[in-house]
Amino acid sequence: MTDHVSLVRRSLAGTDEFDRRVRDQGDRLAAALEEGAFDNDAATLGLELEVYALDRTGESPTVAPVPDAVYEGPADKELGLHNAELNASPSRFDDAGIAAQADEIAADLAATRERAREHGLEVVLDAMPAVAPEPGTHAYLDDVEIRGTETGENAGEAADRPVVVPGSGPDDPVLVARNMRKDPRYGALDNVAVRRAGGEIEFTVPGATAGYRTILFESLATSIQPHVQVPDPSEFPRYHNLAVRTLGPLLALSTNSPFLPGDCYGDGVDPRELVEETHHELRIAAFEQSMNQGCRKVRVPDDLDDAADAVEHVVADDSFAPFLREWIEDEDDVEEEGQKGGDPTSAAWEFDYKRGTFWRWVRGVAGGDAVEGACDERSLRIEYRPLPTQPTVRDIVGLQVLTAGLLQGLVAADHPLGDLPWDAAEASFYAAVEDGIDADLAWVTAGGERTNDSETVFAEVFEFARRGLDEQGVAAETQDRYLDPIEARWEAGVTPSVWKQRRVRDNLDDGADLERALASMQEEYVELSRERESFAEWI
């Protein structure tokens, strides 16, 4: 069995064979698209949900690793030891399919929570914790072992936080983040990013700056990813490009990560200024700053001209920590750890692996699971990736339904939103990252007029989402159940991030210091998330 460090070094050395295979496999996928192999009968929905765990047995909650026994249920492992992922199997995009999505996520979450409770842990529906792990946030996220140097397996541990540049040679150091899943593909991604950064990655958001010897600070961020399968690939570019232009408004309605754990902020930070100046979605910065080292892999995607561009953009993307199928196909321990990309049954293994590192906020994916009466394994779907994990299952499914309905409604109505310039859509997205529901958003109305009036933007968002759901035969009762709570956020001007800011401000007014104010908010959030059916009941 090849050890973890050797596999990471092999990836760090790079291989022209990886790029050759990706090119060949991409060409075959593009040809299959052209031949109609990815044409299907009906649209489908799917969903990924990321969560984290808290230990609430002490005086204050702390971020905590999830024991392996918890993953014997429906949850999958994720980047950090404290993370987990749940996936809803794809279903038809119709009334029954939405119910199936909601039922599966609710059941899997309940089963995962029950397993976690056996170990004294709480699985939390949240986008970023405001409390620290037991050893402290920086100590936990920056805890690395330096392997393979001349002075032995744990070289550098005696020094005070040595900073080294990983390499592929037999005497070069390789970093192993102790609180990261021990999958060599994760390890390779980590070491490549750190190497490109010169040994340390800087993470900067309002009120906090820190250097990390690993990408693990990305694991603070948890998200949901609605999937929408497009049955007619010739229509895929329209869906994709419209999805890019909805990024700002949909993120503005869902922001939920305005604070890091309290110990990330220095003594010189004014707590009240921080509450006012923090960005509403720190998740975006965490992901972009962890991986955009010497490249811009995490970003708003370029527009597509035809369906084959969804393949070609992956092929042309910067290769990041390449792996070949045969390096790990006999490594049972690697497969059990579960790493996105690289389905062991795929005929396009290297392409699938590279697509897994194509970290755009909207991503086209060729291939998937068959859904009876809708599609086979050869399908083309949108992965909508910027949305934060929401407080309740109903909110999560609500955003899934809003996203899918809006894309379908815009296409069905031949809405002119596609005329919005790409750079305006990108600016709108990052405005929502910073300012949330109060962001200066960019939109084109159904009448073809440019506007940044939020009342107009959100009115059309919900109007065309409902039109799309009508097109898919979704009952009015189902539409109301899932869209009304999200619409209530717009009407009240309150999203989860706004609620968090208000509660921290109130706690500060009551005399708490910043860490205590954040911890109290976190505890209240967890309780309300468990007790209430939707976030709208909090506001």
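Given the structure is predicted, the values throughout are model-derived calculations rather than measurements.

## Quick word on helix α6 (residues 236-252)
Reasoning step 1: For α6, built from 17 residues, the straight-helix expectation of 24 Å at 1.5 Å per residue is met to within 8% by its first-to-last C-alpha distance of 25 Å.
Reasoning step 2: Within α6, the axis deviates most sharply at threonine 246, by approximately 45 degrees, and proline proline 249 lies no more than four positions further along.
Reasoning step 3: Counting buried residues in α6 gives 16 out of 17 residues, a clear majority hidden from the surface.

## Quick look at unusual backbone geometry
Reasoning step 1: For alanine 321, which is not glycine, the phi torsion reads 55 degrees and is therefore positive.
Reasoning step 2: In this structure, alanine 321 sits in the loop between α9 (309-316) and α10 (325-328).

## Concerning the side chain of glutamine 522
Reasoning step 1: Considering the arrangement of structural elements, one finds glutamine 522 in helix α18 (residues 514-531).
Reasoning step 2: What makes glutamine 522 buried here is its relative accessible area of 1%.

## A closer look at the pattern of salt bridges
In a structure, side chains of opposite charge can pair up when their charged atoms sit close to one another.
Reasoning step 1: Counting across every chain of the model gives 43 salt bridges.
Reasoning step 2: Between arginine 117 and glutamate 114 there is a salt bridge; the shortest N-O distance is 2.7 Å. Of this pair, arginine 117 and glutamate 114 both sit in helix α3 (residues 95-117), 3 residues apart, which is roughly one turn of that helix.
Reasoning step 3: Residue arginine 117 is classed as partly exposed on the basis of its relative accessible area of 38%.
Reasoning step 4: Here arginine 481 makes a salt bridge to glutamate 533, at a shortest N to O gap of 2.9 Å. Residue arginine 481 is located in helix α16 (residues 476-492), and its partner glutamate 533 is located in the segment after α18; the two are separated by 52 residues in the primary sequence.

## Description of the environment of glutamate 537
Reasoning step 1: Structurally, glutamate 537 is set in the segment after α18.
Reasoning step 2: The exposure class assigned to glutamate 537 is partly exposed, which follows from its relative accessible area of 39%.
Reasoning step 3: With 454 residues separating them along the chain, glutamate 537 and asparagine 83 place their C-alpha atoms 27 Å apart.
Reasoning step 4: Within the structure, the side chain of glutamate 537 is placed 3.5 Å from the backbone nitrogen of glutamate 533, a separation counted as a polar contact.

## Here's the deal with the pairing of strand β7 (residues 174-177)
Reasoning step 1: Residues Val174 and Val176 point to one face of β7 and Leu175 and Ala177 to the other, with burial holding for every one of them.
Reasoning step 2: Here strand β6 (residues 144-147) pairs with β7 via 4 bridges, running antiparallel. Note on β7: the bridge partner recorded for arginine 147 is valine 174.

## Points about the pairing of strand β9 (residues 208-212)
Reasoning step 1: The element β9 is extensively covered by neighbouring structure, given that 4 of its 5 residues are classed as buried.
Reasoning step 2: Pairing geometry for strand β8 (residues 201-205) and β9, over 5 bridges, is antiparallel. If you follow isoleucine 201 over to β9, its bridge partner there is tyrosine 212.
Reasoning step 3: Here β8 folds back onto β9 in antiparallel fashion, the turn holding 2 residues, of which glycine 207 has a positive phi close to 90 degrees.

## Considering the environment of threonine 389
Reasoning step 1: By secondary structure assignment, the location of threonine 389 is in the loop between β12 (380-384) and α13 (393-412).
Reasoning step 2: The class of threonine 389 is buried, set by a relative accessible area of 0%.
Reasoning step 3: With 338 residues separating them along the chain, threonine 389 and valine 51 place their C-alpha atoms 7.4 Å apart.
Reasoning step 4: Apart from the residues within four sequence positions on either side, threonine 389 is in contact with Leu49, Glu50, Leu125, Asp126, Ala127, Thr222, Ser223, Ile224 and Asn256.
Reasoning step 5: Here serine 223 takes part through its backbone oxygen, which lies 3.1 Å from a polar atom of the side chain of threonine 389.

## Side note on the packing of aromatic side chains
Reasoning step 1: Scanning the model with the defined rule gives 17 aromatic pairs in all.
Reasoning step 2: Taken together, a centroid distance of 5.8 Å and an interplanar angle of 80 degrees make the contact between phenylalanine 320 and tryptophan 359 edge-to-face. Within this pair, whereas phenylalanine 320 is found in the loop between α9 and α10, its partner tryptophan 359 is found in the loop between α12 (349-355) and β11 (362-366), the two being separated by 39 residues in sequence.
Reasoning step 3: On the accessibility criterion, phenylalanine 320 (1% relative accessible area) is buried.
Reasoning step 4: A ring pair is formed by tryptophan 349 and tyrosine 353, whose centres lie 5.7 Å apart and whose planes are at 0 degrees; its orientation type is stacked. One end of the pair is tryptophan 349 and the other is tyrosine 353, both in helix α12 and 4 residues apart, which spans about a single turn.
Reasoning step 5: Classification of tyrosine 353 as buried rests on a relative accessible area of 1%.
Reasoning step 6: Joined through ring pairs, the aromatic side chains of Phe287, Phe320, Trp359, Trp361, Phe429 and Tyr430 make up one cluster.
Reasoning step 7: In this structure, lysine 500 packs its charged tip against the face of tyrosine 525, placed 4.7 Å from the ring centre.

About the thresholds
- Residues numbered from 1 in each chain as written.
- Predicted model: local features only at pLDDT ≥ 70, side-chain atom pairs only at ≥ 80, totals over all residues.
- Heavy atoms only, no water.
- Helix = DSSP H or I, 4+ residues; strand = E, 2+ residues; numbered from the N terminus.
- Expected span 1.5 Å × (residues − 1).
- Bend = angle between axes of the 7 residues up to and from the residue.
- Buried < 20%, exposed > 50% of the residue type's maximum accessible area, 1.4 Å probe, protein only.
- Salt bridge = Lys/Arg side-chain N within 4 Å of Asp/Glu carboxyl O.
- Polar contact = N/O pair within 3.5 Å; in protein donor to acceptor, adjacent residues only side chain to side chain.
- Pairing = 2+ DSSP bridges.
- Contact = heavy atoms within 4.5 Å.
- Phe/Tyr/Trp six-rings, centres within 6.5 Å; stacked < 30°, edge-to-face > 60°.
- Lys NZ or Arg CZ within 6 Å of the ring centre and 35° of its normal.

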